[in-house]
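Observations on the three-dimensional arrangement
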Amino acid sequence: MLEKERFKRAIEEYEERSDPHRIGTMNERMLHAVIKSCIADSDDELEVKIGGKNIADVLKENTAYEIQTESLFPVKKKLDFYFSNTDHNVNVVFPVPREKYVCWADPESGELSKKNRSPKKRTLIDYADTLIFLTDYIGDERLTLTVLYISECEYRNLDGKRSKDKKRGSTRIERVPIELLFVEEYKTKDDYRFLLPRESRFTAKTYAKDKKLTSGRKVACAIKMMLNLGMIRICGKEGRCILYETI
């Protein structure tokens, strides 16, 4: 569906028609626009109304493409609509910053700092707290989740009020894509077995350690997904902790 060169051209075309000094001021965010441009072969496939008020980002043949650059929560309502009222296949496209740089902007002068590279290499498990919104339809042959692992630069205002350096609690201005690194597709329930830990029995605490998750919410969501998908079951307790085992 997406090729590196096509992704690169879409970035270049976006930059040609946009003012580089007005980051984040367009009605449509750059990352969303670039991905949409990569998927569609013509303008006729963009922003297509399907039944009432529902609008697909891209409609190609019988597949509706829904691009979500932040939370997957908004797409749940759309999936409910598609699967209840149409025969369309649905491809949810979700970009993950495998390589990430951060650039800080002075909110008064607009001056930008040098790009700093984040040491973290994100994978889909880091988004368990939003991935959970797809659970009801995972395994349905009409649903595909396409994950775009990208290199991006995130521009943020130095306006945070939770730390002296004004970085904590700061406002994101824009996510600027740099390069498409690779693509992964998830269709069947087996494709989501990346959620499973290495050990066959585990608690929430050992799961967090195994997956290197520091967010209790992400751990809880991952475990709930595995339970709902029939990958694990409760098998007892270990002290005060619920003990799970893989099936």
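What comes next concerns the included structure. (Residues numbered from 1 in each chain as written. Predicted model: local features only at pLDDT ≥ 70, side-chain atom pairs only at ≥ 80, totals over all residues. Heavy atoms only, no water.)

**So, the pairing of strand β4 (residues 89-105)**
Summarising burial for β4: 13 of the 17 residues are buried, a large majority. Bridge count between strand β3 (residues 63-67) and β4: five bridges; the pairing is parallel. In the sheet register, isoleucine 67 faces β4, and the bridge partner there is valine 93. When β4 meets strand β6 (residues 143-157), the two strands line up parallel, connected through 15 bridges. Each residue of the ladder has a partner; that of asparagine 91, found in β6, is threonine 144. (Buried < 20%, exposed > 50% of the residue type's maximum accessible area, 1.4 Å probe, protein only. Helix = DSSP H or I, 4+ residues; strand = E, 2+ residues; numbered from the N terminus. Pairing = 2+ DSSP bridges.)

**A word on the sheet that holds strand β10 (residues 241-246)**
Across the sheet, three strands lie side by side as β8-β10-β9; this open sheet has antiparallel pairing. In the strand order of this sheet, the two ends are held by β8 (201-202) and β9 (232-238), each with one partner. Looking at chain direction, β9 and β10 are connected through six bridges and run antiparallel. Pairing of isoleucine 232 across the sheet is with threonine 246, part of β10. Most of the contacts of helix α6 (residues 216-228) go to β9, to which it runs at about 125°, and overall it touches β8, β9 and β10. (Contact = heavy atoms within 4.5 Å. Axes fitted to C-alpha atoms, helices over the stretch in contact; angles between N-to-C directions.)

**Description of the pattern of salt bridges**
The final tally for this structure, using the stated rule, is 18 salt bridges. A salt bridge links glutamate 47 to lysine 36, with the shortest nitrogen-to-oxygen separation between them at 2.8 Å. Within this pair, whereas glutamate 47 is found in strand β1 (residues 46-49), its partner lysine 36 is found in helix α2 (residues 30-39), the two being separated by 11 residues in sequence. Judged by relative accessible area, which is 40%, glutamate 47 ranks as partly exposed. A salt bridge links arginine 156 to glutamate 154; its shortest N-O distance comes to 2.8 Å. Like arginine 156, the residue glutamate 154 is buried in the burial classification. (Salt bridge = Lys/Arg side-chain N within 4 Å of Asp/Glu carboxyl O.)

**Details of the pairing of β6**
Burial within β6 is extensive, with 15 of its 15 residues counted as buried. As defined by bridge partners, β6 adjoins strand β7 (residues 172-186) across 12 bridges and the pair is classed as antiparallel. If you follow glutamate 154 over to β7, its bridge partner there is arginine 175.

**Describing helix α5 (residues 204-211)**
All of the buried residues in α5 are Tyr207, Ala208, Asp210 and Lys211. The arc that holds the buried residues of α5, viewed along the axis, is 165°, so those residues lie on one side. For α5, exposure combined with an orientation more than 90 degrees from the buried face picks out Lys205 and Lys209. Buried residues along α5 sit against β8 and α6. Where α5 terminates, the next one or two residues include lysine 212, which has phi positive at roughly 60°. (Arc of directions from axis to C-beta.)

**Examining unusual backbone geometry**
The residue glutamate 61 is not glycine, and still its phi comes out positive at about 55°. Summarising the element assignment, glutamate 61 is placed in the loop between β2 (55-60) and β3. Judged by relative accessible area, glutamate 61 falls into the exposed class, the value being 81%. Residue lysine 212 is not a glycine yet carries a positive backbone phi of 60°. For lysine 212, the location among the structural elements is in the loop between α5 and α6. The exposed category is assigned to lysine 212, whose relative accessible area is 71%.

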